[in-house]
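Here are the chains, one letter per residue:
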Amino acid sequence: MSNPWENKAFYRCTVCNDIHFGVIPPELCPSCFQKDKYIRVSKKEAELIINGLTVK
Ligand SMILES: [Zn+2]
């Protein structure tokens, strides 16, 4: 019984707060074009950012 979600995580761009959901963070941020700026965040933190409450 494998859960396809279990390898996925939320990543946040530390430059522009772009949220990415996937197995690995993007190398290049599609919003601010900075490289290697994504850090892994919890689902809760990602939801807060998506809802407009930036954590900074
Ligand atoms: Zn960015």
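As a reminder, the structure under discussion sits directly above these lines.
As a starting point, this report considers the structure included with it.

### Considering the overall build of the chain
Here comes step 1: Scanning the chain for helices and strands turns up 1 helix and 3 strands.
Here comes step 2: Put simply, the chain runs from its N terminus to its C terminus through helices and strands in the order β-β-β-α.
Here comes step 3: Within the span of the chain, comprising 56 residues, buried residues form 12% of the whole.

### A closer look at the sheet that holds strand β3 (residues 38–41)
Here comes step 1: Spatially, β2-β1-β3 is the arrangement adopted by the 3 strands of the open sheet, whose pairing is antiparallel. Pairing within the sheet leaves two strands with one partner each, and these edge strands are β2 (19–22) and β3. Recorded for the sheet is a direction-independent mean angle of 35° between the axes of neighbouring strands.
Here comes step 2: The pairing of strand β1 (residues 9–13) with β2 spans 4 bridges and is classified as antiparallel. The residue of β2 that forms the bridge with Y11 is H20.
Here comes step 3: Relative to β1, helix α1 (residues 43–50) is tilted by about 50°, and along the sheet it contacts β1, β2 and β3.

### As for the nonpolar core
Here comes step 1: Residues F10, Y11, C13, C29, Y38 and V41 constitute the largest nonpolar core, which totals 6 residues.
Here comes step 2: A total of 3 residues in this core trace back to one element, the largest contributor, which is β1.
Here comes step 3: The residues contacting C29, other than those within four sequence positions of it, are C13, V15, C16, D18, Q34 and K37.

Rules used in this analysis
- Residues numbered from 1 in each chain as written.
- Predicted model: local features only at pLDDT ≥ 70, side-chain atom pairs only at ≥ 80, totals over all residues.
- Helix = DSSP H or I, 4+ residues; strand = E, 2+ residues; numbered from the N terminus.
- Buried ≥ 20, exposed ≤ 12 C-beta atoms within 10 Å, placed from the backbone.
- Pairing = 2+ DSSP bridges.
- Axes fitted to C-alpha atoms, helices over the stretch in contact; angles between N-to-C directions.
- Contact = placed C-beta atoms within 7 Å.
- Core = buried A, V, L, I, M, F, W, Y, C linked by C-beta atoms within 7 Å.

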